[in-house]
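Coordinate analysis (summary)
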Amino acid sequence: MGLRLSISACHTRCLPFGRAVSSQSFRGIESIRLAVVFRRGYAVGQKKAKEESGLETDIRRVRNIGIIAHIDAGKTTTTERMLYYSGYTKRIGNVDEGDTVMDYLPAERDRGITITSAAISFDWNAHRINLIDTPGHADFTFEVIRSIRVLDGAVTVLDGVEGVEAQTEKVWHQAQEMKIPRIVFVNKMDREGAGFGRAVREIVGKLSARTCIINMPLFKKVIENGLSTAKFCGVIDVLEMKSIECVPDTDGREFIVRDLVDEEFDEAKKARVALVETLAELDDDMVEKFLEVDDDHMAISSRDIKTALRKCTLNNQVVPVLCGASFRNIGVQPLLDATVDYLPSPVDRPPATLKTGTTELSITDTDVGYALAFKVVHDNHSGKMLVFIRVYSGTLRRLDKIYNTSNSTEEKALKLSRMYADASVDIDMIHEGHIGVITGTKDVRTGDTIMFGYEKSKSRSNRKLKQDMMSLQLNPISVPSPVFFASVEPKTISDTRPMELGLQMLLREDPSLHVSVDEETSQTHLSGMGELHLEIASDRLVRELKVNAHVGKIQISYRESIENNLTPGAPVSYTYKGVNKGSETSSTVSLVLRPIPEDLDWGHQDLKEQLQTSIALGDNNFLTFDNEYDFAHPNVSADDASAALRVGVIAGLLHGKRFGLPMHSVQVVVKIVELPLEQDSAAPVTPAARFAIARFLESIPLESKVLMEPVMDVTVIVDEEDIGNVMSDISSARSGRVYALEDEHRKESSLADNEYIDPDRVYSPPDYTLHLSKHNIRRELQKKLIRAKVPLNEMVGYLKYLRAMTQGRGSFLMSFDRYERASKERATSIWQNHYS
Ligand SMILES: Nc1nc2c(ncn2[C@@H]2O[C@H](COP(=O)(O)OP(=O)(O)OP(=O)(O)O)[C@@H](O)[C@H]2O)c(=O)[nH]1
């Protein structure tokens, strides 16, 4: 007894999915098939700027959202359906066949995973959704963090079988830190062993979230091979109390809507009661509505529930939960409705903050425009760089001058566009709150802050204000040290320049990649955050950018340093003498190097204070000016002298004197910088500083020079019975230090009101179908987390070993923690294995 709807794009404008099912006028009508009411059906790249103009300016109808989840949870599959149902694509892309719109880099299509955060815009229910797809692999966490900065809301996709996985937790907490409202989509409900109720309990237990179930799985009895079984066929809308069943073997735009009966009704009623009660606990308006209807949970209108749910979601008090199976085209339209209904528009979010040094400013306090370049990608079609920006204040117009506050360069925004994955539409302006693309800039890198409209700014006349304004950065993040590297060599001499350009391009796109040149071998090294990160970067260099280069084996990046207990001797001086334009030049630099110990936080107060006022040089190296340091010169400013000194010190530290590796964790204390009075340039200070460092390093006894190795923060997730084996393996065989053993369910809460919620006291529907699963049912056991610090060298190939040790039950997460001095024995063995 239902209503059969064909929503071939009709939902986009005229019949939004949510409204179709709620429409009273359809009640009681049996199996009606609606004709196509409205078909947008334009293809990728068609010009549509004009038709969108209303959405362009109404910022309340914009949703800048990201899809974040564990690898393989189905983000890309879900996104492809979103694009299809919104009328943006004419056919559904398939990850397994490598023809999706979102994963458009060849490297992504080959591996079936998302590597870059492609941003894409489409419309739903008269709202503009700017969607940023984020990668799920741990190697790309940095990419996720970067894109989270520009999101207003997020959709977390879970695999219905796997539930809340380790990477989901990590990214969830990153979103939590930025207070980004989230909704959860429990995907893959068609898989054997999927459990919606279990997933809900895990969201509460592992992610400390207060769940609000807005739809639940609908199963239908079918006979397969003579046996009765249940098949996932749609969702039950808890707000409307309707079942929405997808018509099998369709593209998901046809479904049957009917009233709930029997057990379905009883269970959905429980969910609705729980939903209303949760909202009433948090929202006074909901309490009032509840009293108005004489405490009847079912009499509260879905509109009132929606209003309260939106409010509580925006306050990060609750998380709406939905379910579906994107691959089977089930549940994606309700997810789109929820995105519009519950996730924030840019005006619902607190204003962005601009920072430089100690200056901090709200975006509302400036009269100039600011935008963040959250992603730079090379466009293979045009050969140009596409800079994805989010505009935080003002309207950026085509041909506006833009100033990059990160590297002080100015250029023009020659072309603006909106991206639809790998196709673009030219536009004349990008309004506040929107995401768009600037094409053809020369100097903008991922993460840079762009300023515009500053020529008319009132602050222009005030020199100090102007200076501050020109260096402000939006949500800056520090780039962690890369721990892997591979050598990259041009195949012939004529390939050298294209290789340099190719590497430059990769660096603009991804600031977590580094390029350096080994002084001894003159080899170029490309460094990255993980093996996959580097593998993909080198793949792109060779295949996509067509650089004729040979990429060597991926290796761990080591550093060298000086022993913690080394007492620095007397300062070392170096006098550099050279010739510039026929005149003799010289400079003398006198300095000392001191070790910065790993346990800086424990009893090194003086050093800690000194470092706070020192210049950070990267690799945990610092430049400190001695108390007696006093540079005064008639022709050269102190700023110029210290800039020249800094360059020399960095160059000197690139080459340690025992292993030939870059120095790490040293403080360079400069006592004297001298320049003869008749000189008018600070240039000779650079080589003088560089050689002074080299001379100091040579003066240190060999046995006081140590190897530093990357140490990872590792979390191993195991069953109780595997704890002993895994812990002893970490401490004995892997030279790791276990520092905590925890229950998987967190005791501390990440809710806005800091309340801990017991997963067993939260409503979650029964998982009727789990018992039907023939194999591989995931047990809902409380797992344990072993937290440890382990040298990266010992973690290579760990997953295979862990799986063998735990009969496939264990999993782990790791992220770079810091470089540590290796013991003599470890240093010898590493050196022999890696470098001999
Ligand atoms: N059974 C089933 N499989 C699905 C569903 N959604 C996605 N998959 C499959 O799950 C695999 C991973 O899907 P993706 O969409 O690539 O997942 P992802 O989260 O984007 O993965 P990354 O891009 O690597 O982070 C593919 O083989 C999909 O076909 C679903 O609803 N049901």
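Look up: the structure comes first, before these words.
Here we summarise the structure given alongside this text. (Residues numbered from 1 in each chain as written. Predicted model: local features only at pLDDT ≥ 70, side-chain atom pairs only at ≥ 80, totals over all residues. Heavy atoms only, no water.)

**Considerations on the side chain of Q679**
Which entries qualify depends on this criterion: Runs of H or I in DSSP of at least four residues are treated as helices and runs of E of at least two as strands, each being numbered from the N terminus. Type-normalised accessible area, obtained with a 1.4 Å probe on protein chains alone, sets the label of each residue: buried when under 20%, exposed when over 50%, and partly exposed for intermediate values. N or O atoms closer than or at 3.5 Å make up a polar contact, with two conditions inside protein: a donor-capable atom paired with an acceptor-capable one, and, for residues adjacent in sequence, both atoms drawn from side chains. By definition, residues are in contact when any of their heavy atoms lie within 4.5 Å.
With respect to the element layout, Q679 can be found in the loop between β36 (666–674) and α18 (685–699). On the accessibility criterion, Q679 (7% relative accessible area) is buried. There is a polar contact of 2.7 Å between the side chain of Q679 and the backbone nitrogen of S586. Setting aside residues no more than four positions away along its own chain, Q679 makes contact with E584, T585, S586, H633, N635, V636 and P684.

**Things to note about the sheet that holds strand β33 (residues 583–595)**
Test applied: Between any two strands, at least two bridges found by DSSP are needed for them to pair. Axis lines are fitted through C-alpha atoms, for helices just across the contact stretch, and the angle between N-to-C directions can take any value from 0 to 180 degrees.
Taken in spatial order, the 5 strands of this open sheet run β32-β33-β36-β35-β34, and their pairing is mixed. Of all the strands in the sheet, the pair left with one neighbour each is β32 (572–580) and β34 (615–618). Strand after strand, the sheet turns through a mean of 30 degrees between neighbouring axes, direction not considered. Note: strand β35 (residues 621–625) against β36, 4 bridges, orientation parallel. Looking across to β36, one finds that T624 is bridged to V669. Across the sheet, helix α16 (residues 605–612) lies against β33, β35 and β36, angled at about 60 degrees from β36, the strand it touches most. Contacts from α18 reach β32, β33 and β36 within the one sheet, and its direction differs from that of β33 by about 40 degrees.

**Quick notes on unusual backbone geometry**
You will see that A126, though not glycine, has its phi angle at about 60 degrees, which is positive. Within the secondary structure layout, A126 lies in the loop between β3 (119–124) and β4 (127–133). Backbone geometry at N316 places phi at a positive 60 degrees, although glycine is not the residue there. Locating N316 in the fold gives a position in the loop between α11 (302–314) and β12 (319–323).

**Examining helix α12 (residues 332–342)**
Burial of α12 is extensive: 10 of the 11 residues sit out of reach of the surface. Among the residues of α12, those classed as buried are V332, Q333, P334, L335, L336, D337, A338, T339, V340 and Y342.

**Looking at the pattern of salt bridges**
In plain terms, the rule: For this analysis, a salt bridge means a side-chain nitrogen from Lys or Arg found within 4 Å of a carboxyl oxygen belonging to Asp or Glu.
With the rule as written, the count across this model stands at 38 salt bridges. Note that D619 is salt-bridged to R559, the shortest N-O span being 2.9 Å. With D619 in the loop between β34 and β35 and R559 in strand β31 (residues 559–562), the pair connects residues that are 60 residues apart, well separated along the chain. The class of R559 is buried, set by a relative accessible area of 10%. The closest approach of N and O atoms between R826 and E709, which form a salt bridge, is 2.7 Å. Here R826, found in helix α21 (residues 824–835), pairs with E709, found in strand β37 (residues 705–718); they are 117 residues apart in sequence, far enough to count as distant. A network of salt bridges, in which partner residues are shared, links D58, R60 and R61.

**Observations concerning the sheet that holds strand β14 (residues 359–362)**
Taken together, 3 strands build an open sheet; the order of strands is β14-β13-β25 and the sheet is antiparallel. Where the open sheet ends on each side, the last strands, each with one partner, are β14 and β25 (473–474). In terms of strand pairing, strand β13 (residues 353–356) meets β14 through 4 bridges, oriented antiparallel. The residue of β14 that forms the bridge with K355 is E360.

**Side note on the state of the cysteines**
To keep it simple, the criterion reads: Two cysteine sulfurs form what is called a disulfide whenever their separation falls within 2.5 Å.
Tallying each qualifying case throughout the model produces 0 disulfides. We note that C212 lacks a disulfide partner, and the nearest cysteine sulfur, in C312, lies 7.2 Å from it. Judged by relative accessible area, which is 1%, C212 ranks as buried.

**Overview of the side chain of D237**
Applicable threshold: By the counting scheme adopted, Arg and Lys are positive, Glu and Asp are negative, and His together with the chain ends is not counted.
Checked against the element boundaries, D237 lands in strand β9 (residues 227–237). Buried and unpaired, D237 has no salt bridge, with K306 as the nearest side chain of opposite charge at 7.1 Å. A polar atom in the side chain of D237 sits 3.0 Å from the backbone nitrogen of E240.

**Description of the packing of aromatic side chains**
Defined as follows: Pairs were defined over the aromatic rings of Phe, Tyr and Trp, the Trp ring being its six-membered one, requiring ring centres within 6.5 Å. Orientation was assigned from the angle between planes: stacked under 30 degrees, edge-to-face over 60, tilted for the rest. By definition here, charges over rings are those cases where NZ of Lys or CZ of Arg is within 6 Å of the ring centre and within 35 degrees of the ring normal.
According to the stated counting rule, one finds 8 aromatic pairs in the structure shown. The cationic tip of R734 hangs over the ring face of Y801; the distance from NZ or CZ to the ring centre is 4.7 Å.

**Some points on the pairing of strand β28 (residues 524–528)**
Within a regular strand, the side chains alternate between the two sheet faces. Within β28, 5 of the 5 residues are buried, leaving the element largely enclosed by the surrounding structure. In this structure, strand β26 (residues 484–490) lies alongside β28, joined through 5 bridges in antiparallel fashion. Residue pairing for β28: V488 is matched across the bridge by T524. Here 4 bridges tie strand β27 (residues 514–517) to β28, and the two strands are oriented antiparallel to one another. Within the sheet, the bridge partner assigned to H514 lies in β28 and is S527.

**Notes on the nonpolar core**
So the rule is basically this: Residues grouped as a nonpolar core are buried Ala, Val, Leu, Ile, Met, Phe, Trp, Tyr and Cys residues, joined through side-chain atoms within 4.5 Å.
Counting 72 residues, the largest nonpolar core has V155, V186, F196 and L279 as the members making the most contacts within it. Ignoring anything within four residues of it in the chain, the contact list for V155 reads I65, G66, I67, I68, I183, F185, L335, T339 and L343. Counting residues in each nonpolar core, the second largest holds 41 residues, with L541, L545, L792 and L802 among its members.

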